[in-house]
Each structure stands twice: as structure tokens, then as C-alpha cells.
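# Analysis of the macromolecular model
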Amino acid sequence: MKGGGGRLAQQAAAPLRLESRRFRLLSIVVGCFVFCLVFLLSSRPDATAFDTVSVSPRASFAGARRPAAVKTLRTAGFGGDFHVDIRQQEQGESRGQLRQSVEQSAGDKTATEWVRDTVIVEERSDAEGSEAAEPEDAASNSDDQAAQGAKNKEVHDDAAVTTAAAVATTTAQPAMETTATAPHRPEEKAQAGGGQNQSKLQEEQPARQQQEERHELARSGGGDHQHQQPRPPLCDFSDFRSDICDLAGDVRLDANASSFVVVDPSASGDGQSHKVRPYPRKGDETCMSRITELTVRSSSAPGTAAPPRCTAQHAAPAVAFSIGGYTGNIFHDFSDVLVPLYNTASRYGGDVHLVMANVASWWLVKYDKLLRSLSRHPPLDLAAAAAAGEVHCFRNATVSLRAHKELIIERDRSADGLATPDFTRFVRRALSLPRDAPTRLAPGDGNKRPRLLIISRHRTRLLLNLAAVVRAAEEAGFEAVVNESDVGNDISEVGKLVNSCDAMVGVHGAGLTNMVFLPPGGVLVQIVPWGGLQWMARADYGDPAEAMGLRYVQYEVGVDESTLKDKFPPGHQIFTNPTGLHKKGFAFIRHTLMDGQDITVDVGRFREVLLQVRNSLAQ
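Residues numbered from 1 in each chain as written. Predicted model: local features only at pLDDT ≥ 70, side-chain atom pairs only at ≥ 80, totals over all residues. Heavy atoms only, no water.

Looking now at the overall build of the chain. The helix and strand tally for the chain stands at 19 helices and 18 strands. Expressed as a percentage of the 619 residues in the chain, the buried residues total 43%. Taking the contacts inside the chain whose residues are at least 6 apart along the sequence as the reference set, 76% of them involve residues at least 24 apart. For the chain, the exposed area adds up to about 31800 Å²; of that, 53% sits on carbon and sulfur atoms. (Helix = DSSP H or I, 4+ residues; strand = E, 2+ residues; numbered from the N terminus. Buried < 20%, exposed > 50% of the residue type's maximum accessible area, 1.4 Å probe, protein only. Contact = heavy atoms within 4.5 Å. Areas by Shrake-Rupley, 256 points an atom, 1.4 Å probe, with all protein chains shown as cover.)

In C-alpha cells, the structure reads:
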């Protein structure tokens with residue numbers, strides 16, 4: 001009986017042991033499911049299992065399993081980082097609803113204006129974020145979840161991006177660095193479910209990749225042509241006289257490298273680099289070869305070094321130019337430097353730094369008053385700054401000068417609406433020249449004698465019968481004054497002398513540039529040497545004289561008045577067709593037709609010209 005009873009007891013206990021095993025197995029399965037659910041929910045800081053949203057639990061769990069990319073925007077305005085989910089926008093939500101969500105969620109912390117572009121500092125997937133972001137952002141994540149539960153609001157993907165962009169715009173913190181999206185870990189697919197879920201993830205993968213590629217292109221400056229902003233050129237090479245570079249932002253002059261560097265915060269690698277010679281004789285290779293070449297580049301230009309550190313910061317802008325080339329000749333001093341410098345720098349009202357290359361100290365002394373009237377800052381010598389290893393930093397800089405025609409500022413081409421009379425008025429004011437009108441003669445007033453200045457040349461194109469010309473001028477009713485134009489003459493003294501006169505006479509040459517000191521309404525008489533030089537005389541002095549408000553008279557020399565008749569036989573082409581010889585080039589023109597002849601004017605014919613000049617002053 002005991003044996004039989006034991007067997008019956010064992011048979012009765014067998015079903016109980018089987019049920020106990022099933023219970024333990026069920027408990028293990030349920031526990032694993034709960035563990036997986038908790039893990040999925042905890043790996044998504046923005047996922048809530050029981051939030052009051054208008055989606056099904058299945059959709060919520062599917063969204064929680066999806067490895068959405070997260071962008072972290074670091075800002076300084078509110079003491080924390082913004083974690084922005086960049087999943088594709090749910091269908092059915094309009095742009096207006098997104099904007100409303102932004103305004104509601106931003107509260108009093110962010111600007112509510114709509115911002116299209118977003119600056120991304122760091123981008124990573126949830127898989128990477130669960131490991132890398134948790135240690136440093138655990139506190140902020142828990143605060144964000146608590147705030148989200150209290151408000152009971154959901155900020156959708158695009159709205160969150162817009163909010164972060166608004167905050168970044170308000171705090172004005174530029175992006176400095178971008179990291180690539182990290183790959184998804186294999187464990188996420190295993191935790192996401194079986195083959196059905198993997199198939200769903202594979203279907204969503206192309207869409208996510210396209211979205212990530214768009215963000216990557218946006219950071220690198222590429223992408224959709226609608227949103228791509230082309231970089232404006234640093235320099236304008238279209239002008240026939242000079243290349244001009246207008247620079248703005250963080251502009252650094254590395255004097256040792258003779259370069260202007262515009263710091264580009266994007267560091268995209270597609271920057272610009274140009275070579276510029278800041279002197280307005282662009283087509284003259286001989287002249288330009290003597291001008292210091294400056295490099296103008298952005299810091300992101302390929303193959304360039306990092307921007308130099310500033311040794312001096314300047315609030316005022318800079319204008320860089322050269323006083324090399326043909327300077328030292330008064331015509332080129334004014335036409336190549338002073339006139340275009342006024343056109344370029346006068347807009348700053350004296351608060352501008354003049355950066356000069358190829359500096360000559362005597363030139364600075366000669367034109368000191370004019371330079372001081374354009375800038376109240378000491379001139380910055382590029383060579384001296386290079387020797388000292390200086391790096392000067394500006395907010396704006398212009399490299400080279402805006403030159404129009406010889407001694408002329410054209411109002412329709414001037415950025416500030418300036419014209420040539422504005423320059424001559426500036427000169428009279430800078431040198432304290434008193435007269436802004438010539439002597440006015442009443443009809444029949446023979447006692448008043450206007451002053452006539454005769455420019456005497458002492459090397460080439462000499463006026464051989466100067467004494468006879470002086471007598472003819474006095475006979476025509478002028479007070480004649482003779483002056484030898486020389487490069488060493490003090491510009492203030494020359495200016496006072498010329499300004500005291502009503503008319504000026506001289507053979508074609510640099511001395512006629514002194515007409516800038518004549519009072520408006522005065523008269524310039526240019527004696528043009530033989531050789532078909534009328535076009536040159538007109539361009540260099542005739543047109544500028546009229547642009548200055550002067551009356552212009554052109555006296556053209558005949559063959560008998562030129563010493564060329566003693567150097568070439570009668571019937572030579574230089575007498576029969578002088579303009580045909582111009583094809584030999586400017587060197588021939590200068591050597592033979594300009595410096596190769598002196599002049600003896602026909603006094604009788606020239607006296608008639610002087611009478612016309614005096615009568616014009618009476619009109």
C-alpha cells in the first residue's frame with residue numbers, strides 16, 4: 001500500500017511541477033517584455049508611454065523604436081543645450097501649426113519670429129546619444145521631461161528646429177563646428193522587434209538618409225539651389241583703370257605677408273584669393289610692375305594658412321593704396337592718387353586709416369595738408385608695419401582707389417555722388433586758398449589787370465620766346481607772373497600763387513595740373529606741341545579743366561613754331577602725317593613728339609588768344 005500510495009502521490013505531483021515550470025517560463029517572458037519596453041522608453045528622452053496624444057499606442061511604440069537623429073544646438077543665452085529631433089514632419093500638420101507650436105513652447109525664453117535657417121553645432125543619432133549624451137546631459141534631459149509633463153504639450157520636429165533657430169538668432173552665437181551623424185548600432189535593430197519591424201526600418205532608411213544628406217549639404221554650403229547663397233566676390237576686376245576690393249566683417253591686414261584676410265566663420269573651403277596692385281594704371285605693365293602686390297583672400301580659401309592674430313584693433317575703416325608708380329610727377333600725384341583717394345575716402349569724414357604701400361617720406365610731407373584733411377589718423381606705412389610684425393584689424397577695408405578719367409570724378413560713377421568741383425573745393429579748403437571766383441572785369445574797364453600765370457618749363461618742351469610771350473600778355477591787359485613748376489615746390493605756396501591768378505598758360509605737361517588751384521571761372525590756355533597730340537592734350541587737361549568749372553582754350557602749334565623742323569627734312573611723315581607715327585607706341589610719342597621738341601610761339605597769333613581770354617573774364 002505504501003508503494004502504491006507513493007506512486008499515486010508522484011502521479012498527482014507531476015501536473016503541479018509542469019504547471020510551475022510553465023508559470024516560471026511565462027514570468028520570464030513577461031519580465032523580458034517589460035524590460036524591453038522600459039529600455040525603449042528610457043532610451044528616448046522625448047517618448048512618453050501614456051501621453052495624451054492623438055495617435056495609437058502602436059504608432060507611439062513604432063516611433064519610439066525608430067532611430068531618429070538628434071541635433072544638439074549649443075547656445076549661451078539660456079545656459080543649456082537644445083536637443084532637437086529632426087524626424088520627418090507628421091503628415092497633416094501645416095506650417096502655420098508649426099509656427100503656433102513654436103510660439104507656445106518658446107514662452108518668454110525665445111523669440112517667436114519665424115526663422116527659416118537653422119545653425120547646427122552637433123548632430124548624432126539616438127544610438128550614439130544614449131551613450132555619449134547621457135553623462136553630460138542627464139540633468140538637462142530630466143528637467144526637459146519634467147517640464148514637458150507639466151505643460152502636456154508636444155513640439156513637433158520642424159517646430160522644434162525653428163525654436164532652436166530662433167534662440168540661436170536671439171543669442172547671436174555663431175556655429176563653429178559640425179560633426180557627422182553617427183551610424184546606428186546593430187543592437188537597436190535587435191531591440192526593435194522581429195523581421196516585420198526590420199522590414200519597416202529598411203523601408204524608412206532611404207527617407208532618413210535623404211534627410212541627413214540634405215542637412216549635411218546645408219552645413220557644407222550645398223544643397224537646394226533655392227537656399228544656397230552665393231558668396232559675393234571680394235574684388236571687382238571690371239574697371240579699366242583699377243581693381244577694387246571692398247571688404248567687410250573681420251578684416252585683418254597681415255603686413256608681413258602684404259595680405260588682407262577676411263575671416264570666414266563658415267570655414268567651408270570654398271573661399272576666394274586674389275592678387276591686386278592698388279594703383280590705377282591697370283593696363284600699364286611697366287608702371288604696375290613697380291607697385292607692391294597685395295593678396296586679398298578669405299580665411300576659408302583652399303590651401304591658405306589660418307588668419308593671423310590681431311596686434312591692433314581699429315574701429316575706423318581702412319583704404320589701402322600705393323604711392324609708387326609714376327608719383328613724383330605732379331600730374332600723376334593728383335590723377336593717380338589724390339583725386340581717386342578723395343573719391344574713395346571722403347565718405348568717412350576723416351575717420352579712416354590710410355594704408356600706403358611704396359611710401360616715400362618726402363611725398364607725405366609735400367601733400368601732408370591734403371592727407372590730413374582726408375584722415376585724422378597717422379598714415380599706416382605697409383613696409384614699416386611689416387618690419388614690426390604688425391597685424392591691423394578693421395571692420396571694413398577698401399583695397400585700391402576708385403579712379404575715373406584723368407583728374408576727373410564722374411558724378412554718375414561716384415558711389416557718393418561726387419564730381420570734380422567737389423575735389424577742387426576740398427583742395428581750396430584744405431590749403432586755405434581764399435578765392436573761389438576770378439577777377440570780374442566791367443565792360444570798358446581797362447584799368448583792372450587780371451593776373452595771368454605763365455608756367456615755364458626748364459627741361460623739355462621749353463617756351464623759347466618766353467620774354468616775348470610775357471610782353472604780349474602785358475600788352476593784352478594782364479599782369480603776367482612766371483613760375484617754374486618743380487617737384488620740390490611746397491604745394492601750399494604753389495596753391496596760393498595759382499589761386500591768386502585768374503588765368504594760366506603753359507605748354508602741354510605736368511605743370512598744367514596746377515589748374516586745380518585756380519578759382520572756378522578762371523581760364524586755362526594749353527599750348528599743344530606739333531605731332532597730332534590734340535587728343536592727348538584734351539584728355540589730360542582740356543576735359544579736366546572744363547570739369548573743374550574753368551574756361552579752356554587750346555592753342556595748337558604749327559610746324560614753323562616747333563623745333564622739329566630743324567631735326568627732320570621737309571616732306572617727312574612727321575610733318576605730313578604725324579598721327580600715322582603714333583602706331584609706333586607711346587615711347588616714340590614721348591621721346592620724339594613730346595620731349596624731342598621745343599616751341600617758339602607766333603607772338604602775333606598768340607596775342608589774339610590772350611585778348612580773347614581777357615574778354616572772357618569781362619563776360
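Next up on the list: the pairing of strand 11 (residues 353-357). For strand 11, a buried count of five out of five residues is recorded, marking the element as mostly surrounded by other parts of the structure. Here strand 11 shows no split at all, with His-353, Val-355 and Ala-357 on one side and Leu-354 and Met-356 on the other all buried. Where strand 10 (residues 318-322) and strand 11 come together, five bridges link them in parallel fashion. Within strand 11, the position partnered with Ser-322 by the bridge is Ala-357. One crossover worth recording links strand 10 to the parallel strand 11 by way of helix 9 (residues 330-345), and it is right-handed. Relative to strand 12 (residues 380-381), strand 11 runs parallel, the two sharing two bridges. Residue pairing across strands places Val-355 opposite Leu-380, the latter belonging to strand 12. (Pairing = 2+ DSSP bridges. Right-handed = clockwise from strand over helix to strand, strands pointing away.)

The subject of this paragraph is the nonpolar core. Grouped together as the largest cluster of nonpolar side chains are 54 residues, with contacts concentrated most on Phe-334, Met-515 and Phe-517. Contact partners of Met-515, with chain neighbours within four places excluded, come to Leu-407, Met-504, Leu-524, Tyr-541, Pro-544, Ala-545, Met-548 and Leu-550. Counting residues in each nonpolar core, the second largest holds 26 residues, with Leu-452, Ile-454, Leu-463 and Val-613 among its members. (Core = buried A, V, L, I, M, F, W, Y, C linked by side-chain atoms within 4.5 Å.)

Our next topic: the packing of aromatic side chains. Following the criterion strictly, the structure yields nine aromatic pairs and no others. Ring centres 6.1 Å apart and planes at 40 degrees place the aromatic pair Phe-423 and Phe-426 in the tilted group. Of this pair, Phe-423 and Phe-426 both sit in helix 13 (residues 420-430), three residues apart, which is roughly one turn of the helix. Here Phe-423 and Phe-426 have matching classes, each one buried. (Phe/Tyr/Trp six-rings, centres within 6.5 Å; stacked < 30°, edge-to-face > 60°.)

On to the sheet that holds strand 18 (residues 551-556), then. Taken in spatial order, the five strands line up as 15-14-16-17-18 in an open sheet, and their pairing is parallel. Bordering the open sheet on either side are strand 15 (479-484) and strand 18, each of which pairs with just one other strand. Taken over all neighbouring pairs, the strand axes of this sheet differ in orientation by 20 degrees on average, direction set aside. Packed onto the sheet, helix 15 (residues 491-499) meets strand 14 (451-456), strand 15 and strand 16 (503-507) and runs at close to 135 degrees relative to strand 14. (Axes fitted to C-alpha atoms, helices over the stretch in contact; angles between N-to-C directions.)

The next subject is empty space enclosed by the protein. A probe matching the size of a water molecule, rolled over the atoms, marks out where space remains unfilled. Inspection of every chain in the model, using the stated rule, returns two cavities of 30 Å³ or more. Estimates place the volume of the second largest cavity at around 30 Å³. Residue lining of the second largest cavity: Arg-241, Ser-335, Val-339, Pro-340, Asn-343, Arg-402, Ala-403, His-404, Lys-405, Ile-408 and Ile-409, and that is the complete set. Tallied by class, residues from the lining of the second largest cavity come to five nonpolar, three polar and three charged. (1 Å grid on protein atoms, 1.4 Å probe; cavity = no way out; pocket = protein on both sides within 12 Å on 5 of 7 lines; lining within 4 Å. Points joined across faces, edges and corners; volume = space filled by probe spheres on them. Nonpolar A, V, L, I, M, F, W, Y, C, P; charged D, E, K, R; others polar.)

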